[in-house]
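# Fold and contact review
Here's the letter readout for the chains.
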Amino acid sequence: LDFLPSISFVYSIIKDLNLRGNYSRTLARPSFKEKSGAQIYDAITQLTFLGNLDLVETNINNYDIRLEKYIGSKDIVSVSGFYKDFSNPIELVSFSAASPDNITPRNVDKASVLGVEFEVRKNLAFISDKVKNITLGGNVTYAKSEVEMSEEEYEGRLLYARDGETVSKTRPFQGQAPFMINTFVAFSHFDKGIDVNLSYNVQGKSLAVVGISRIPDIYNNPFHNLSFKASKYIGEKRMHQLSFTVRNILSSNRERVYSSFGTEDELFSSFNQNRTFSISYSFSLK
């Protein structure tokens, strides 16, 4: 039984300029796979996932504040700040120095994420009626995460520290990217039932698997994802829709690397999913 309070407010400073604030308490429970005695071998990555019956749920305090300016009915400019405080967060870690290809989820005592986000969405009708159906938008997020290491992890890192390396008692939070960028160009023509969207997103280098003792941390390299989708509504009641989608236009690889002090990153794994094309049809009863 968990008590999850939430409170928010909206203050109108002037017309179309709002200040929003929010506090909420949330939780993240371990998945069935994580909180189990399962041993699952992945033939692609050649890693073995080991479940952990000792996992407990994560409690999170979320603080958000946002200043937003609406421009007409479609456009917005906003800047937000957020802070998240985690108790017993679950991280994916190397099982032991003797078994570097075995990974397991474990709780750490505390973690925090502090960040800022900037968002803009602007229709181009102010330039000319010829481009009134085009909208540009995007958001950029910068986040600083921090985990207080356990004494066992800290001592292991000290023991295998390289010459000139300073070992701090804190490190980045597993899975949290230091920055995220999402942008899009959209074309929408309601009368003709056409929607077209070209989007791009990327996340900064993030900790994927926490190392242990002599086993270095594994990081996700940035993945540059460019996607395209075009949809056409058919019929007066717009009940039918045909869509064409292309994902990973740049054919980027999903890469993980070993990363440690004073050395160049060494490739841990690389997966090339190439471009994917899909055509879909949907029917809606309205």
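Before reading on, note that the structure itself is shown above.
Residues numbered from 1 in each chain as written. Predicted model: local features only at pLDDT ≥ 70, side-chain atom pairs only at ≥ 80, totals over all residues. Heavy atoms only, no water.

## Focus: the pairing of strand β2 (residues 17-28)
As paired elements, strand β1 (residues 6-14) and β2 share eight bridges and run antiparallel to each other. Looking at β2, one finds that serine 8 is bridged to asparagine 22. Linking β1 to β2, which pair antiparallel, is a turn of two residues; within it aspartate 16 sits at a positive phi near 65°. The pairing of β2 with strand β5 (residues 58-71) spans twelve bridges and is classified as antiparallel. By the bridge assignment, leucine 17 is partnered in β5 with lysine 69. (Pairing = 2+ DSSP bridges. Helix = DSSP H or I, 4+ residues; strand = E, 2+ residues; numbered from the N terminus.)

## Quick word on the layout of surface pockets
Computed from the structure, the largest pocket encloses a volume of approximately 620 Å³. Lining the largest pocket are 25 residues, with Asn220, Arg254, Glu255, Arg256 and Ser269 sitting closest to its centre. Breaking the lining of the largest pocket down by element, the ones donating at least two residues are β3 (39-42), β4 (47-50), β13 (194-203), β18 (253-259) and β19 (266-272). Across the lining of the largest pocket, the residue classes break down as ten nonpolar, ten polar and five charged. The volume enclosed by the second largest pocket comes to roughly 540 Å³. Residue lining of the second largest pocket: 24 residues in total, with Arg157, Glu165, Asp217, Ser260 and Phe261 positioned closest to the centre. Elements supplying a minimum of two residues to the lining of the second largest pocket: α1 (151-159), β11 (170-171) and β15 (217-220). (1 Å grid on protein atoms, 1.4 Å probe; cavity = no way out; pocket = protein on both sides within 12 Å on 5 of 7 lines; lining within 4 Å. Points joined across faces, edges and corners; volume = space filled by probe spheres on them. Nonpolar A, V, L, I, M, F, W, Y, C, P; charged D, E, K, R; others polar.)

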